[in-house]
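Below are the chains, spelled out letter by letter.
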Amino acid sequence: MSRLLFLPFLLLSWAASAAQVEHIRVWQAPDRTRLVLDLSAATVFDAFTITKPDRVVIDLVRTRVTGSLVLPAQVKGRILGLRQGTRNNGQDLRLVLDLVHGLKLRKALLPPHAPYGHRLVIDLLETAAELPTPVAPIPPSLPAPITGATGAPAPPQTRAASGKYVIAIDAGHGGEDVGAIGPRGTYEKNVVLAVARELASLINQEPDMRAVLTRDGDYYVDLRDRMVRARKHRADLFVSVHADAFQNRRVRGSSVYVLSHGGATSEAGRWLAERENAADLVGGVTLDDKDHQVRSVLLDLSQTASLEASLDVAENVLGALRRVGAVHRTQVQAAGFMVLKSPDIPSLLVETAFISNPAEEQQLRDEKFRRNLAGAIRDGVKAYFHSQPLPGQRYAQGRRHMVTQGDTLTGIAQRYEVSTQQILAANNRREQTVRLGEVLRIP
C-alpha cells in the first residue's frame, strides 16, 4: 500500500521537473534558417542530421509539449514540415524537421536572458556549394524591400568599377534579438530596419553612391558577420542604425558613435594574433606574407586612416541630425561597439532616438519622421564623400585622397590634374613616398 501511495508523488515530481516546450519561433535569412524552442527549464538534448531523405532530428530529455507544435506559415524554402513524437515511455520528446535539401547544423542551449527564458537554438546553414534564392520574411508593419538593396548577395564591385561609393547600412538586432522595447511595445529591430531601408533608398537615388544592407528582413546577423558582409561588398563606409533606450524615459535625442581607441587596440591585437585574419585584406594589402612587425604597421596605418575618416563623417551626420530633432550628445561619442571594429572601413553607429522615451517612440513609429532621419544621415554621408572625389570627378574644395595599394604620388597627381609639388605643399611634406592608408589633401 505504501508503494502505491508513493507512486503519485513520483509522478508529480517528474511532472514538476520536466521541461515544457512553450513556443517555437523561426526566422529565415538569405544563408540560414534559425529555429528557437522556448523552454520552461533547461534540459538535456541532442540534434543531428540524417540523409535520404534529408532531415534534422532533435531529441529533448524529460521534455514535453502540450498539443502539437506548428511552424509559422511563412516558413518555406528549406523546411518541408515538422513532426513530433515521444520516446522512452513518453518521457522524452523527439522533433523531426523534413528538409528540402541537406543543410549544416549548428545548435546551442541558451540560459535565460531578458526578455527570454531558456532557449534551444537550432541554426540550419546553407553549404557553400548550394545557396538557393534567399527568402526573407518582412514584418507586415514595415515597407516592402528596396530594389537593389536586398538581403541577397550582390556581386561585389570596387568603387572604381562601379563609379560609386558603396555604403553598407546595418540595421541593428533582428530575429529573436528584438533590441530595446518602447513603452508601447515597439521593437527596436523593426524601426531601425525601416530607417535602414529608407536610407538605402535615398542613397541609391544619389548618382555617386550605392547602398547595400547587411540584413533586409527579420533575422539576426552575427556582429562580426555584419563587418564581413560589408567587406565582401568592398564598402567605403559602414553605418549601423539603432534606437537607444534608458531607464529614465525623459532622456531623448540622437547620438553618433565611432570606435574608441581602446576598441581599436583590442581589435588590432585580435587580427594580429589569430591565424585566419592573416589572409584578410587590410587597406587592399594581404597580411599573410608579412612578418609580425610589418603586419602591425600596416594594420595601424589602416586603422588610423579609418578612424580619422569615421570621425569626419560622424561629425557631418551629427550636424545633419540636429536639423531633424534633438541630439542627446553635442559631440561624436567613442565606444567599443563590435560592429565598428573593421580596420579598413570607416564606420559609425547612429542612435536615431530613444525608443524608451514615449514621444520619441511615437516618432519612430511615424514614416515621415523615419524618412527625415534617413535624409539627415544621407546628407551627412553625402557631405563627407563630396570631399572625397571619385576617379574622374573633382570638387572645388576639401578634396582628399586615401592611399590604397598601387598608388604613387605621380599617379595621384595625374588623377586630380595637379602637380606633385602642389600635393607636397598642401600636405606640408617633402618626401614623395606615399604610405598605405594615409589621407592626402588635394589642392
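Structure first, text after, so check above.
None of the values given here were measured: they were computed from a predicted structure. (Residues numbered from 1 in each chain as written. Predicted model: local features only at pLDDT ≥ 70, side-chain atom pairs only at ≥ 80, totals over all residues. Heavy atoms only, no water.)

**Comments concerning the overall build of the protein chain**
For the protein chain, the helix and strand inventory stands at 10 helices and 19 strands. Considering only contacts within the protein chain whose residues lie at least 6 apart along the sequence, 69% involve residues at least 24 apart. Summed over all atoms, the accessible surface of the protein chain reaches about 21,400 Å², with 52% contributed by carbon and sulfur. (Helix = DSSP H or I, 4+ residues; strand = E, 2+ residues; numbered from the N terminus. Contact = heavy atoms within 4.5 Å. Areas by Shrake-Rupley, 256 points an atom, 1.4 Å probe, with all protein chains shown as cover.)

**A short note on the sheet that holds strand β5 (residues 63-64)**
Spatially, 5 strands are ordered β5-β1-β2-β9-β8 in an open sheet, and the strand pairing comes out mixed. Here the strands that pair on one side only, and so sit at the sheet edges, are β5 and β8 (104-110). Summarising the sheet, strand β1 (residues 19-29) and β5 pair through 2 bridges and their orientation is parallel. Of the residues in β5, the one forming a bridge with Ala19 is Thr63. (Pairing = 2+ DSSP bridges.)

**Quick notes on the nonpolar core**
In terms of nonpolar packing, the biggest core is built from 44 residues, with Ile167, Ile169, Val317, Leu348 and Val381 touching the most fellow members. Elements that contribute at least two residues to this core include exactly β10 (165-171), α3 (188-204), β11 (209-213), β12 (237-244), β13 (255-259), α6 (292-321), β17 (347-354) and α8 (367-385). Per-element tally for this core: the top contributor is α3, with 9 residues. Residues Val21, Ile24, Leu35 and Leu82 belong to the second largest nonpolar core, which totals 23 residues. (Core = buried A, V, L, I, M, F, W, Y, C linked by side-chain atoms within 4.5 Å. Buried < 20%, exposed > 50% of the residue type's maximum accessible area, 1.4 Å probe, protein only.)

**Here we look at unusual backbone geometry**
With an omega of 0°, the peptide bond between Lys52 and Pro53 qualifies as cis. In this fold, Pro53 is placed in the loop between β3 (45-50) and β4 (55-60). If you check the backbone angles, Arg62 has positive phi at about 50° while not being a glycine. Position of Arg62 among the secondary structure elements: in the loop between β4 and β5. For Asn88, which is not glycine, the phi dihedral falls at a positive 50°. Structurally, Asn88 is set in the loop between β6 (79-87) and β7 (92-99).

**Details of the sheet that holds β11**
Judged by pairing direction, the sheet is mixed, and its 6 strands sit side by side in the order β11-β10-β12-β17-β13-β16 without closing on themselves. Two strands lie at the open edges of the sheet, namely β11 and β16 (333-335), each paired on one side alone. For this sheet, the mean inter-axis angle between neighbouring strands, taken without regard to orientation, is 30°. Pairing of β13 with β16, which is carried by 3 bridges, proceeds in the parallel orientation. Counterpart to Tyr257 in the pairing with β16 is Gln333. Contacts between α3 and the sheet are confined to β10, β11, β12 and β17, with β11 contributing the most and set at about 155° to the helix. (Axes fitted to C-alpha atoms, helices over the stretch in contact; angles between N-to-C directions.)

**What about the packing of α3 against α8?**
To characterise two packed helices, one gives the angle between the axes of the helices and the distance between these axes. Packing of α3 against α8 leaves a shortest axis separation of 8 Å and a crossing angle of 50°. As judged from the angle between their axes, α3 and α8 are oblique. The element α3 and its partner α8 pack so that their crossing is right-handed. Taking contact as the criterion, the partners of Val191, Ala194, Val195, Glu198, Leu199, Leu202 and Ile203 in α3 are, on α8, Arg370, Arg371, Ala374, Gly375, Ile377 and Arg378. By residue class, the composition of the contact of α3 with α8 is 8 nonpolar, 1 polar and 4 charged. (Parallel < 35°, antiparallel > 145°, perpendicular 65-115°, else oblique. Left-handed = near helix turned anticlockwise from the far one by under 90°. Nonpolar A, V, L, I, M, F, W, Y, C, P; charged D, E, K, R; others polar.)

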